[in-house]
Amino acid sequence: MLQHSASFPAWLQHDMEQVNALIRRQFDSEVVLIRQVVEFILHGDERVRPALVLAAARALNHTGDRHYALAAAVELIHVSLALHDGVTEASGGGADAHSDGALFGNAGNILLGDLLYTGAFRMIVDLNDMDVMRELSDATNVIAEGEVMYRAARTAPVRDAQPHLDIVSRRRAKLFEAGAQCMAILHRAAPEVCEAFARFGQHVGMAHALRTEAEDGVKYGIDDAGARAARELEAARAAIAALDAGAVAEPERLAVFM
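Starting from 1, residues in each chain are numbered consecutively following that chain's sequence as written. A pLDDT threshold of at least 70 governs which residues receive local features in this predicted model, and a stricter bar of 80 or more applies before side-chain atom pairs are shown or counted, although totals over entire chains, interfaces and linings include all residues. Note that water and hydrogens are dropped before the side-chain values are worked out from all heavy atoms of the structure.

**Here's the deal with the overall build of the protein**
Step number 1: Looking only at helices and strands, the protein features ten helices and zero strands.
Step number 2: Based on C-alpha atoms, the radius of gyration is set beside the globule rule, defined as 2.2 Å times the residue count to the power 0.38. Relative to a compact globule of 258 residues, whose C-alpha radius of gyration would be 18 Å, the protein shows 18 Å and is just as compact.
Step number 3: Along the longest, intermediate and shortest principal axes, the C-alpha atoms of the protein span 50 × 50 × 35 Å.
Step number 4: In what follows, residue pairs with any heavy atoms lying within 4.5 Å of each other are defined as contacts. Excluding contacts between residues fewer than 6 apart, the proportion of contacts in the protein whose partners are at least 24 apart in sequence is 75%.
Step number 5: In this tally Asp and Glu are treated as negative and Lys and Arg as positive; neither His nor the chain ends contributes. Every charge is mapped to an atom, namely NZ of Lys, CZ of Arg, CG of Asp or CD of Glu. Charge separation in the protein, taken as the distance between the mean sites of 24 positive and 36 negative side-chain charges, equals 1 Å. Here a helix means four or more residues in a row that DSSP labels H or I, a strand means two or more in a row labelled E, and each is numbered from the N terminus.

What follows is the structure, encoded as structure tokens:
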């Protein structure tokens, strides 16, 4: 089952601390507000996206420390987009269970979101892997498209479950998918392993969104979010199980998300 950061196993807590240290170094600044937003990131209730990257690295038996930068970049992209989303909500965009509004004021949210986003891609550039850069760049575009679709759907006279699930896949699951896939790419895994990790991440992301945004889903006719989430996690398990024996060194590391 999906877990919050407080209930992560010790090995994942350890890896997350390495990510925390990297983010602090990246944004070591005399500007008080920047330090505040960094602590906001590091003390979030859920940090499942970077944790998924770290678990994928363990599952693949990845060596070195590049996975910490990838996990940090994924989290920074997520928070930067959430800060921008908060401005939309605070400006009358409508209620969204995912957003807490403009926590730092509209201008603060926009500027800090931009800072985090550019910081994330500075880390990605340092990874020196064009495939990773392409996947994460494409993912942010897909997420932005999903946000536009979501805003339009909320004013539509008819609300339909299937289009909403497509929007959820874009807005919420895409970064899970890209993070897991990019970890496999960074590891130089075989193409079929990279694809399996992408599917795994996408299904985990869908399950997470269905569970955390169940109230929003009801508005679109999704009244069985728990059952749908369970099916998504079963599909996530199947994506990894379908790989040849030995393709993933320690697949049990992924169980923390199922």
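Let's pick the thread back up.
**Overview of the confidence of the model for the protein**
Step number 1: On average, residues of the protein score 90 in pLDDT, and 92% of them are at 70 or above.
Step number 2: Across the protein, the element-wise mean pLDDT spans from 84 in helix H2 (residues 32-42) up to 98 in helix H3 (residues 48-59).
Step number 3: Along the chain, pLDDT gives the predictor's confidence residue by residue, from 0 to 100. In this model residues 93-100 is a low-confidence stretch, pLDDT under 50, and it forms 23 contacts with partners more than four residues away in sequence or in other chains.

**Let's talk about the nonpolar core**
Step number 1: Among the nonpolar cores identified, the biggest contains 79 residues, and Ile-23, Leu-70, Val-132, Leu-136, Phe-197 and Phe-257 are the most heavily contacted of them.
Step number 2: If one sorts the elements of this core by residue count, helix H7 (residues 161-186) sits on top with 13 residues.
Step number 3: Once residues lying within four places of it in the same chain are set aside, the contact partners of Leu-70 are Val-53, Leu-127, Val-132, Leu-136, Gly-179, Cys-182, Met-183 and Leu-186. By convention a nonpolar core is built from buried Ala, Val, Leu, Ile, Met, Phe, Trp, Tyr and Cys residues, the set being connected through side-chain atoms within 4.5 Å. Working definition: with a 1.4 Å probe on protein chains only, accessible area under 20% of the residue-type maximum means buried, over 50% means exposed, and in between means partly exposed.

**Side note on the layout of surface pockets**
Step number 1: Using only the protein atoms, space was sampled on a 1 Å grid; points where a 1.4 Å probe fits but cannot get out form cavities, open sets with protein on both sides within 12 Å along at least five of seven lines form pockets, and lining residues are those with an atom within 4 Å of a point. Grid points are joined across faces, edges and corners, and a volume is the space filled by probe spheres set on the points. Roughly 180 Å³ of volume is contained in the second largest pocket.
Step number 2: Mapped by element, the contributors of at least two residues to the lining of the second largest pocket are helix H4 (66-93) and helix H6 (130-153).
Step number 3: The element contributing the most residues to the lining of the second largest pocket is H6, with six residues.
Step number 4: Three categories are distinguished: nonpolar for Ala, Val, Leu, Ile, Met, Phe, Trp, Tyr, Cys and Pro, charged for Asp, Glu, Lys and Arg, and polar for the others, with Gly belonging to the last. Class assignment of the residues belonging to the lining of the second largest pocket gives a composition of four nonpolar, three polar and three charged.

**A word on the state of the cysteines**
Step number 1: Two cysteine sulfur atoms form a disulfide, by the criterion used here, when they sit within 2.5 Å. Counted under the stated rule, the structure contains zero disulfides.
Step number 2: The structure places no disulfide on Cys-182, whose sulfur is separated from the nearest cysteine sulfur, that of Cys-194, by 9.1 Å.
Step number 3: The buried category is assigned to Cys-194, whose relative accessible area is 9%.

**A few points about the side chain of Arg-172**
Step number 1: With respect to the helices and strands, the residue Arg-172 is situated in helix H7.
Step number 2: Two N or O atoms count as a polar contact when they lie within 3.5 Å, although within protein this holds only if one can serve as hydrogen donor and the other as acceptor, and sequence-adjacent residues are included solely when both atoms are side-chain atoms. Here Glu-213 takes part through its side chain, which lies 2.7 Å from a polar atom of the side chain of Arg-172.

**Side note on the environment of Leu-12**
Step number 1: Position of Leu-12 relative to the elements: it lies in helix H1 (residues 10-26).
Step number 2: Residues Leu-12 and Ala-55, 43 residues apart in the sequence, show an inter-C-alpha distance of 7.1 Å.
Step number 3: If we skip the residues at most four places from it in the chain, Leu-12 touches Ala-51, Leu-54, Ala-55 and Val-256.

**Looking at empty space enclosed by the protein**
Step number 1: Scanning the model with the defined rule gives two cavities of 30 Å³ or more in all.
Step number 2: Here the second largest cavity is characterised by a volume of approximately 50 Å³.
Step number 3: As for the second largest cavity, its lining consists of His-164, Val-168, Ala-209, Leu-210, Glu-213, Ala-214, Gly-217, Ile-222 and Ala-225.
Step number 4: Partitioning the lining of the second largest cavity into residue classes produces six nonpolar, two polar and one charged.

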